[in-house]
Amino acid sequence: GDEVVQLYTRQDQTSVTRPQMELKGFQRIPLKPGERKEITFTLGFDQVKFWKDGVWICEAGKLNLMVGSSSEDIRLRGTIEITATSKKTAN
């Protein structure tokens, strides 16, 4: 069968209120019974940005990562540190 692996993020300490969970990626993986596979997600500015004061912004701070088969079935958690705030004007 297939497993759909979903990546969610949450960033608590930002200058605006952010959602508790945001879906940032997913992959459908075909698996045989008992089989395991390693998958990779890539996060960059475009995946973690939000709109504030007329620009896209990514604020420094901890970014919580959650991986599971749904938002109700999180199986892996981690945290990464965004070390600098970045801004980009809309084009």
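What counts and what doesn't
- Sequence order as written defines the numbering, with residues in each chain counted from 1.
- For a predicted model such as this one, the threshold for reporting local features is a pLDDT of at least 70, and the threshold for listing and counting side-chain atom pairs is 80 or more; totals across whole chains, interfaces and linings nevertheless cover every residue.
- Side-chain numbers come from the whole structure's heavy atoms, not from hydrogens or water.
- Only protein atoms enter the 1 Å grid, on which a cavity is a set of points fitting a 1.4 Å probe that cannot get out and a pocket is an open set with protein on both sides within 12 Å along at least 5 of 7 lines, lining residues being those with an atom within 4 Å of a point.
- Grid points are joined across faces, edges and corners, and a volume is the space filled by probe spheres set on the points.
- Elements are defined by DSSP. Helices are runs of H or I of four residues or more, strands are runs of E of two residues or more, and each kind is numbered from the N terminus.
- The nonpolar class holds Ala, Val, Leu, Ile, Met, Phe, Trp, Tyr, Cys and Pro. Asp, Glu, Lys and Arg form the charged class, and all remaining residues, Gly among them, are polar.
- Pairing between two strands requires that DSSP report at least two bridges joining them.
- Helix axes are fitted only over the stretch in contact, all axes being lines through C-alpha atoms; the angle between N-to-C directions runs from 0 to 180 degrees.

**Q** Can you tell me about empty space enclosed by the protein, naming the residues and giving the values?
**A** This model, assessed by the stated rule, comprises one cavity of 30 Å³ or more. Taken together, Thr9, Arg10, Gln11, Arg18, Glu22, Lys24, Gln47, Val48 and Leu63 make up the full set of residues lining the largest cavity. Residue assignment for the lining of the largest cavity shows that the elements contributing at least two residues are strand E1 (2–10), strand E2 (22–30) and helix H1 (45–48). For the lining of the largest cavity, the per-class residue count stands at two nonpolar, three polar and four charged.

**Q** Provide a residue-level description of the sheet that holds strand E6 (residues 73–82), including the pertinent values.
**A** Ordered in space as E2-E1-E5-E6, the four strands form an open sheet in which the pairing is antiparallel. Either end of the sheet is taken by a strand with one partner, and the two such strands are E2 and E6. Ignoring which end each strand starts from, the neighbouring axes of this sheet average 20 degrees apart. Taken together, the eight bridges between E1 and E2 define a ladder with antiparallel strand orientation. Note that in E2 the partner of Asp2 across the bridge is Pro30.

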